[in-house]
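Residues per chain are reported as follows:
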Amino acid sequence: MKIINLVKSSRRLLGRSSVINLCRHIASQGNTQHHKVLVSKSLNIYENLALEDWLYENTDFNKETILLLWHNSPCVVFGRHQNPWIECNVPYCEKFGVDLVRRKSGGGTVYHDEGNLNCSFMMKQSLYNRRRNLQLVVDALTYKWNTPLSINDRDDILLLDKYKISGTASKLGRNKTYHHFTLLYNVDTLRLKSILHSNLDGTISNATRSIPAPVMNLVDLVPDIDFSSLVNVISERFVEDTESSVVEYVDPADKSAFPGINKHLAELKAWNWIFAKTPPFSISRTFQNEFSRTITFLEVSLDVTKGKIHNLDLKVTPPTMIDSKVFIALSVGMEETQFTLNEISKKLSSVKMEWITSRLYTVETHAILDWTLLCIIETVALHHGRTPSQNTDNNSEKTYLNNNESQATW
Amino acid sequence: MAARRISKNWIKLTKYNQVKTASISILKRNISNKLTVPLFRNARSIHISPCLNEIVQFNLSDIGEGIREVQIKEWYVNVGDTISQFDSLCEVQSDKASVTITSRFDGVVSKLCYDVDDIALVGKPLVEIETDSSTDTDKLEGKYDESSSSSSSSSDSESYMEQRLRGHKTLATPAVRKISKENKVRLSDVKGTGRDGRILKEDILNFIAGKQPGVTQEITPPAPAVSQPIASSPVVQQPATTPTPVIPPKITPQPVLGEDTTERIKGIRKAMVKTMTAAQTIPPFGYYDEIDLTELVRFREMIKQQALQRGVKFSYMPVFIKAVSMALREYPILNSSVDEKVENITYKASHNIGLAMDTKDGLLVPNIKNVQSLSIYEIASELNRLHALGLAGKLGTDDLTGGTFSLSNIGSIGGTYARPVILPPEVAIGALGKIQALPRFDDEDNLVKRYIMQVSWSADHRVIEGATMARFSNLWKSYLENPTSMILDLK
């Protein structure tokens, strides 16, 4: 109350701009929070996110505000309500050891490697202000290196008003919040572009979609930017105007400093959290081929809920090309299969055994049935390597599938 | 006593415009039976407890940053779950912020106001919780910061609102503070056993009953029976004197009726609106006939096996289409097109026969190009292709434009005669009914079984005469009734 009265009276006396300065002064005076900067020594994304989580749960934000700084070895981090298979190339990541992580905050998908700095501002709810955090970093960088940075209305930091160098996400709870964002200073942008592209087509999903943007590195403008200089510049700005100036280097694997952090770590690494938490989605694709001089269409559709396949449905036109028992065996056999290449291949093999024993798979039908299996593999898009374009009237797909037929290991 | 409390609460409820759950008459009736009040809103949540249950609407509080709406992403509770204060209710997302909403009340969840992926509005009810009556109905909106009660205390001069116990602030919900106030108990004297050392209702009651050791007790005699909250005995006594009659509220159970829904017409349906409105300017005439398809059916039986070996399922439609094309050769005016002002008529060279298709997106009419130079087998395969594309919703503009004559196989769904609407800029259209086995008389007056299909033609009377249509139909009919006669004119 007093402050409002003061402001009102001073406005009359001093004029508007002076009042703004007065307010700023009062606001900064009210900042009696202890500001702490923590820098993680680990390059493991799971450990770092577990640390962030641990701090979120175990800190008294009435007493302190934390800035956590970290970077990781290559990984893809997607938002709480996103679909990893739609957002990035999951089989590529699994093959080449790129970690896949679901974080607890919302927002879109980002690619990290050691050339990306993550900043996490953790404070109580009344101090939550994303723009102020971003502005702090922008001011710090501009002051030191005169970089042309700006913040757009989606809370992205842009270089030269065009290239996105930072993506933001936040988590709010009962009186505690964190706002974290990336900062691209020396990331492999080619790899970023290729990994953040999915081969999965024909999906219908309500999961949050990422919005792609052109990216650039800070190092393209300022060649001597690196992790330690960024840490220094940003933490200096963070602790200035406050009484505290603590910058601590921490190791998330230290269980004595962070008791119970293993629980968070285990949760983040679990398949159920990373993949099964995906909101339900469905895939539908149509394939074309020619058998016995007849143009045949096969429509494959399936739902994926909690990381498992449900309701696999196949339709062939003309309907007489494939016996319906074949499809029934497939639908039943594939129900509740975990959405991974291993599990799907295993189940398809066992369904094929069923076909063989019940004489549905014969000399006459083997070509079209093998093709059906290939279409299912194509639909889930979990196999490694590149795939051609997915249009049904694209002849190259026909030859691709025909070629693969001969190499099929069924 | 209970009634007076009931009426006091009643006034409070009406004053704060609460959702009421039961009428007082039922309550009074049930009090003596030690039964609870049945709830009209949710029949499943009848449970045994002696107090007046009320349903509280828990509104979605302001998340900040000017956000007015969020999307529900996951529910952590279901209807019927018992929750305590500060339990997580759901996860919502707004613009990259993922927020965990926690409950302000203890109680049982009676309604989830939104489904997953719905948009929830700030300030509107998020869940409905059935709580016990001692919950203070003043503070309805859940706030994140429990210590915000200190900011609201500036308007409250009570010294109980903010107390310090050994340098710590005592944590207690407003309901508990009210009880402590009523009983003149200092919160600092009570030991809290709840989460974070919070003082719960039970702690106050235990304190009053003198069960709390180690803390200086001010043994106050229990307040007069009137203001005594829930005593240790579970039975609420009926007052000796008849209380003043309170008028029960009017209960209007929701009628279970359907609701009108309105949606914008868009996409293919909108295109249909446009086409049909344009078609209205054409003065049509209808010509109806029935075709004896017995010979064709016999023909099909013979051909079926052969056709299957070629990988084609033989159906009648390709034969009809080919017959139309052959008949159009004799009557090219039916394969023409007039311009808007009806000044010029263009006789189209190729027979692009359109087929009306009912797809999941709506009515589409893709056409088969150049039927005059296609064999029946080729027409069948084109038909398959268009059908498959139609099912997948992938018909291209090439397939959908350029038609010169249309057919609608309404018989595949059912029906005999129809009055099809001409699709401009064409001048004629035919609707084929169901093939049915019907009794007919042959030349020797015997009753025989015949396969009959009805056909309904519509044509633009500005350029087509009735006689032309009739002759065309007769020619088409003769081709179908005698399939072998098609050989003579087959090109």
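Relevant structure appears above.
Residues numbered from 1 in each chain as written. Chains lettered and ligands numbered in written order. Predicted model: local features only at pLDDT ≥ 70, side-chain atom pairs only at ≥ 80, totals over all residues. Heavy atoms only, no water.

J.: I'm lost on the overall build of chain B in this one. Help?
T.: Helix and strand content of chain B: twelve helices and 20 strands. Taking all 491 residues of chain B together, the buried fraction comes to 41%. A separation of at least 24 residues holds for 61% of the contacts in chain B among residues at least 6 apart in sequence. When the accessible surface of chain B is split by element, carbon and sulfur atoms take 53% of a total near 27000 Å². (Helix = DSSP H or I, 4+ residues; strand = E, 2+ residues; numbered from the N terminus. Buried < 20%, exposed > 50% of the residue type's maximum accessible area, 1.4 Å probe, protein only. Contact = heavy atoms within 4.5 Å. Areas by Shrake-Rupley, 256 points an atom, 1.4 Å probe, with all protein chains shown as cover.)

J.: Whenever I open this one, the sheet that holds strand 17 (residues 367–368) of chain B confuses me. Can you help?
T.: Sheet strands pair by backbone hydrogen bonding; their relative direction is either parallel or antiparallel. Residues and elements named next belong to chain B. Pairing is mixed across the open sheet formed by six strands, whose spatial order is 11-20-19-18-14-17. In this open sheet, the two strands that pair with only one neighbour each are strand 11 (284–292) and strand 17. Note: strand 18 (residues 405–408) against strand 19 (residues 428–441), three bridges, orientation parallel. Considered in strand 19, the bridge of Leu 407 is made with Gly 430. (Pairing = 2+ DSSP bridges.)

J.: Help me out: how do you make sense of the packing of aromatic side chains in this one?
T.: The relation between two aromatic rings is expressed through the spacing of the ring centres and the mutual angle of the planes. Residue and element names in this part refer to chain A. The full count for this structure, using the stated rule, is 19 aromatic pairs over all chains. Relative to Tyr 178, the ring of Tyr 56 has its centre 5.0 Å away and its plane inclined at 85°; by these criteria the two rings are edge-to-face. On the criterion of sequence distance, the pair formed by Tyr 56 in helix 3 (residues 45–58) and Tyr 178 in strand 11 (residues 177–184) is long-range, its members being 122 residues apart. The two residues Tyr 56 and Tyr 178 agree in class, both being buried. (Phe/Tyr/Trp six-rings, centres within 6.5 Å; stacked < 30°, edge-to-face > 60°.)

J.: Whenever I open this one, helix 11 (residues 324–334) of chain A confuses me. Can you help?
T.: Residues and elements named next belong to chain A. Taken together, the buried positions of helix 11 are occupied by Val 326, Phe 327, Ala 329, Leu 330, Ser 331, Gly 333 and Met 334. Packed against the buried residues of helix 11 are strand 15 (294–305), strand 16 (308–317), strand 17 (337–338), helix 12 (341–357) and helix 13 (366–380). Near the N-terminus of helix 11, the side chain that reaches the backbone nitrogen of Lys 325, with its oxygen 3.0 Å away, is that of Asp 323. Note on helix 11: the residue one or two positions beyond its end, Glu 336, has a positive phi of about 65°. (Polar contact = N/O pair within 3.5 Å; in protein donor to acceptor, adjacent residues only side chain to side chain.)

J.: Just checking my understanding: could you explain the interface of chain A and chain B for this structure?
T.: Often, the extent of an interface is quoted as the loss of accessible area upon association of its parts. At the interface, 29 residues of chain A touch 28 residues of chain B. Between chain A and chain B the total buried area reaches about 2800 Å² when both faces are included, carbon and sulfur atoms providing 46% of it. Ionic pairing is found between A:Arg80 and B:Glu74, a salt bridge with its closest N-O pair at 2.6 Å. Inspection of the chain A/chain B interface yields twelve residue pairs in polar contact (both at pLDDT 80 or more). Contributing elements (two or more residues each) for the side of chain A that touches chain B: strand 10 (168–172) and strand 15 of chain A. Counting residues per element, the side of chain A that touches chain B draws most heavily on strand 10 of chain A, which supplies five residues. In terms of residue class, the side of chain A that touches chain B is made up of five nonpolar, 15 polar and nine charged. (Buried area = accessible area lost by both parts, 1.4 Å probe. Salt bridge = Lys/Arg side-chain N within 4 Å of Asp/Glu carboxyl O. Nonpolar A, V, L, I, M, F, W, Y, C, P; charged D, E, K, R; others polar.)

J.: Quick question: what am I supposed to make of unusual backbone geometry here?
T.: Across the chain, the bulk of peptide bonds are trans and the bulk of non-glycine residues have phi less than zero. Following A:Thr317, the chain continues to A:Pro318 via a peptide bond in cis, the omega torsion being -5°. Examined against the element boundaries, A:Pro318 turns out to sit in the loop between strand 16 and helix 11. Here the bond from B:Pro424 into B:Pro425 is cis, since omega is 5°, no more than 30 degrees from zero. Position of B:Pro425 among the secondary structure elements: in the loop between strand 18 and strand 19. The phi dihedral of A:Asp161 falls on the positive side, at around 60°, and the residue is not glycine.

J.: Which parts of the structure should I look at to understand a positive patch on the surface?
T.: All names here are of chain B. On the surface, a cluster of positive charge is made up of Arg 264, Lys 266, Lys 270 and Lys 274. If you trace the backbone, Arg 264 turns up in the loop between helix 5 (201–208) and helix 6 (268–279). Accessibility expressed as a relative area gives 69% for Arg 264, which makes it exposed. (Patch = residues over 30% accessible without salt bridge, like charges linked within 9 Å, V, L, I, M, F, W, Y side chains within 5 Å. Lys, Arg positive; Asp, Glu negative; His and termini not counted. Charge placed at Lys NZ, Arg CZ, Asp CG, Glu CD.)

J.: What exactly am I supposed to notice about the packing of helix 8 (residues 317–330) of chain B against helix 11 (residues 466–481) of chain B here?
T.: How two helices sit against one another is set out by the angle between their axes and by the gap between those axes. Residues and elements named next belong to chain B. At a minimum axis distance of 9 Å, the contact between helix 8 and helix 11 shows a crossing angle of 135°. Viewed along their axes, helix 8 and helix 11 adopt a mutual orientation that is oblique. As helix 8 runs across helix 11, the sense of the crossing is right-handed. Of the residues in helix 11, those touching helix 8 at Val 319, Phe 320, Ala 323, Val 324, Met 326, Ala 327, Leu 328 and Glu 330 are Phe 472, Leu 475, Trp 476, Tyr 479 and Leu 480. Taken together, the residues of the contact of helix 8 with helix 11 break down into twelve nonpolar, no polar and one charged. (Axes fitted to C-alpha atoms, helices over the stretch in contact; angles between N-to-C directions. Parallel < 35°, antiparallel > 145°, perpendicular 65-115°, else oblique. Left-handed = near helix turned anticlockwise from the far one by under 90°.)

J.: How do you make sense of the sheet that holds strand 10 of chain A when you look at a structure like this?
T.: In spatial order, the strands read 13(A)-1(A)-2(A)-6(A)-11(A)-10(A)-5(B)-4(B)-2(B)-7(B); together these ten strands make up an open sheet with mixed pairing. In this open sheet, the two edge strands, each paired with only one partner strand, are strand 13 (246–250) of chain A together with strand 7 (119–121) of chain B. Each adjacent strand pair in this sheet contributes to an overall mean axis angle of 25°, direction not counted. Where strand 1 (residues 34–40) of chain A meets strand 2 (residues 64–70) of chain A, six bridges bridge the pair, whose relative direction is parallel. When the sheet's bridge partners are listed, A:Val37 is paired in strand 2 of chain A with A:Leu67. Where helix 6 (residues 130–145) of chain A meets the sheet, it contacts strand 6 (116–123), strand 10 and strand 11 of chain A together with strand 5 (97–102) of chain B, and its direction lies at approximately 35° from that of strand 11 of chain A. The strands that helix 8 (residues 227–239) of chain A touches are strand 1, strand 2, strand 6, strand 11 and strand 13 of chain A; relative to strand 1 of chain A, the one it contacts most, it runs at about 170°.

J.: Just to check I follow, could you spell out helix 9 (residues 261–269) of chain A for this structure?
T.: Three- or four-residue spacings in an α-helix give side chains the same orientation, since the helix completes a turn every 3.6 residues. All names here are of chain A. Residues Ile 261, His 264, Leu 265 and Leu 268 constitute the buried set of helix 9. Along helix 9, the residues classed as buried sweep out an arc of 100° about the axis, all on the same side. The inward-facing, buried residues of helix 9 abut helix 3, strand 4 (99–102) and helix 10 (271–276). (Arc of directions from axis to C-beta.)

J.: Explain the environment of B:Gln71 here, please?
T.: All names here are of chain B. As for its placement among the helices and strands, Gln 71 is situated in strand 2 (residues 69–75). For Gln 71, a relative accessible area of 22% gives the class partly exposed. Not counting residues up to four positions away in its chain, the partners in contact with Gln 71 are Glu 91, Val 92, Gln 93, Asp 117, Asp 118 and Ile 119. Here the side chain of Gln 71 touches Lys 73 through a polar contact of 3.2 Å, side chain to side chain. A distance of 3.3 Å separates the side chain of Gln 71 from the backbone oxygen of Asp 117, its partner in a polar contact.

Honestly, it's all geometry; don't read function into it.
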